[in-house]
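Summary of structural features
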Amino acid sequence: MRNLKNIIFDLGGVILNIDAQLTFDAFKELGLNGSFQEKKEAMDFFFNLEKGHSTPGAFRNFIRQLIGSPVSDEEIDAAWTAMLLDIPAERISYLEDLRNNFRIFLLSNTNEIHRLKFHKTFEENFGYPLDQLFERNYYSHEMGLRKPDREIFKQVLEQNRLIASETLFIDDSEENVIAAKSVGIRGLSILPGTLLETLPDYLNRSI
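Quick summary incoming for the structure in this document.

Calculation rules
- Residues numbered from 1 in each chain as written.
- Predicted model: local features only at pLDDT ≥ 70, side-chain atom pairs only at ≥ 80, totals over all residues.
- Heavy atoms only, no water.
- Helix = DSSP H or I, 4+ residues; strand = E, 2+ residues; numbered from the N terminus.
- Rg over C-alpha atoms; globule rule 2.2 N^0.38 Å.
- Contact = heavy atoms within 4.5 Å.
- Areas by Shrake-Rupley, 256 points an atom, 1.4 Å probe, with all protein chains shown as cover.
- Lys, Arg positive; Asp, Glu negative; His and termini not counted.
- Charge placed at Lys NZ, Arg CZ, Asp CG, Glu CD.
- 1 Å grid on protein atoms, 1.4 Å probe; cavity = no way out; pocket = protein on both sides within 12 Å on 5 of 7 lines; lining within 4 Å.
- Points joined across faces, edges and corners; volume = space filled by probe spheres on them.
- Nonpolar A, V, L, I, M, F, W, Y, C, P; charged D, E, K, R; others polar.
- Expected span 1.5 Å × (residues − 1).
- Salt bridge = Lys/Arg side-chain N within 4 Å of Asp/Glu carboxyl O.
- Buried < 20%, exposed > 50% of the residue type's maximum accessible area, 1.4 Å probe, protein only.
- Polar contact = N/O pair within 3.5 Å; in protein donor to acceptor, adjacent residues only side chain to side chain.
- Core = buried A, V, L, I, M, F, W, Y, C linked by side-chain atoms within 4.5 Å.
- Phe/Tyr/Trp six-rings, centres within 6.5 Å; stacked < 30°, edge-to-face > 60°.

Looking only at helices and strands, the protein chain has 10 helices and 5 strands in total. The C-alpha atoms of the protein chain give a radius of gyration of 18 Å, which matches the 17 Å a tight globule of 207 residues would have. Counting only C-alpha atoms, the protein chain reaches 55 × 35 × 25 Å along its principal axes. Pairs at least 24 apart in sequence give 69% of the contacts found in the protein chain among residues at least 6 apart. Carbon and sulfur atoms form 47% of the exposed surface of the protein chain, whose accessible area is close to 10000 Å². The average position of the 23 basic charges and that of the 32 acidic charges among the side chains of the protein chain differ by 7 Å.

This brings us to the layout of surface pockets. By volume, the largest pocket is sized at about 760 Å³. Around the largest pocket, the lining is made up of 31 residues, and of these Ile18, Glu50, Met83, Asn109 and Arg146 lie nearest the centre. Of all the secondary-structure elements, those providing two or more residues to the lining of the largest pocket are helix 1 (20-30), helix 2 (40-50), helix 6 (112-126) and helix 9 (174-182). Broken down by element, the residue count for the lining of the largest pocket peaks at 4 residues, all from helix 2. Its residues placed into classes, the lining of the largest pocket shows 14 nonpolar, 10 polar and 7 charged.

A few words on helix 3 (residues 56-67). For an α-helix, the turn length of 3.6 residues means that residues three or four places apart are oriented alike. If you check helix 3, its first and last C-alpha atoms are 16 Å apart, about what 12 residues at 1.5 Å a residue would give, namely 16 Å. Just downstream of helix 3, Gly68 is the residue with a positive phi angle, here 80°.

On to the pattern of salt bridges. For the coordinates displayed, the defined rule picks out 10 salt bridges. Across the salt bridge formed by Asp10 and Lys147, the nearest N and O atoms sit 2.9 Å from each other. Highlighted residues: Asp10 in the loop between strand 1 (6-9) and helix 1 and Lys147 in the loop between helix 7 (140-143) and helix 8 (150-160), separated in sequence by 137 residues. On the basis of relative accessibility, which here comes to 2%, the residue Lys147 falls in the buried class. As a salt-bridge pair, Arg60 and Asp77 come within 2.9 Å of each other at their nearest N and O atoms. One end of the pair, Arg60, is in helix 3; the other, Asp77, is in helix 4 (residues 73-80), and 17 residues separate them in sequence. Through salt bridges with shared partners, one network takes in Asp10, Lys147 and Asp171.

Along the polypeptide, Asn6 turns up in strand 1. Residue Asn6 is classed as buried on the basis of its relative accessible area, which comes to 3%. Within polar-contact distance, the side chain of Asn6 engages the side chain of Thr167 at 3.0 Å. Once you skip the residues sitting within four places of it in the chain, Asn6 turns out to touch Phe102, Arg103, Phe105, Leu162, Ile163, Glu166, Thr167 and Leu168.

What follows concerns the nonpolar core. A general feature of soluble globular proteins is that nonpolar side chains tend to end up buried together. One finds Phe9, Ile15, Phe59, Leu98, Ile170 and Leu199 to be the most contacted residues of the largest nonpolar core, which totals 49 residues. With near-sequence residues (within four places) excluded, Ile15 lies in contact with Phe9, Asp10, Asp86, Ile87, Pro88, Arg91, Ile92, Leu95, Leu106 and Phe134. Counting residues in each nonpolar core, the second largest holds 18 residues, with Phe105, Ile152, Ala179 and Val183 among its members.

Take the side chain of Arg115 next. Of note, Arg115 is situated in helix 6. Its relative accessible area of 16% is what places Arg115 among the buried residues. Discounting chain neighbours no more than four positions away, the residues touching Arg115 are Thr110, Tyr139, His141 and Glu142.

A separate point is the packing of aromatic side chains. In the structure shown here, the tally under the stated rule is 12 aromatic pairs. With centroids separated by 4.2 Å and ring planes inclined at 5°, the aromatic side chains of Phe45 and Phe62 adopt a geometry described as stacked. Of this pair, Phe45 sits in helix 2 while Phe62 is found in helix 3, placing the two residues 17 residues apart along the sequence. Here Phe45 and Phe62 have matching classes, each one buried. Centre to centre, the rings of Phe153 and Phe169 are 5.0 Å apart; their planes meet at 75°, and the pair counts as edge-to-face. Here Phe169 lies in strand 4 (residues 167-171) and Phe153 lies in helix 8, a separation of 16 residues in the sequence. Following the ring pairs from residue to residue traces out a cluster consisting of Phe27, Phe45, Phe46, Phe59, Phe62 and Trp80.

Here it is as structure tokens:
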């Protein structure tokens, strides 16, 4: 693609298949009444977890308060990570090939419990750490920021000396893509699970 040198990827819905409903269902089985979306306090807590402003231990205690019973750390983690599904091998093969022509990065809104889970899954399936697939991995809970905050994109650009106009950001959230575009990054919003159907066509049409 003309003048395109860098690609920043979202993780969930782009590389990793996810289904948030599985987590909602799992927490209901543990005794949580209603959904997270219905509880503003819960959503605020989860956003703070993704920003690293809260710890996994505090999160587990918060869940126990919502449920009202002493469920174990292991039960909470299993429910919380139930949304994390598979990482299709063909997507990883495609990304490995892309490294021959582009600098590739990962930028994900996530938390420590999820990060440990998908890193373990990746290494078990592909035989090497996820950190080695990308030039650099960026996680919201380590940065103290989460998409769609404009500052999170600025930090990725500045820390890697990337030129915004030479950089593409891919996410399954239109809101996040709009935020990336607002700092001059090219943006591609895709439907969940359609990376291999969407990105090659986008690159071919843009040459």
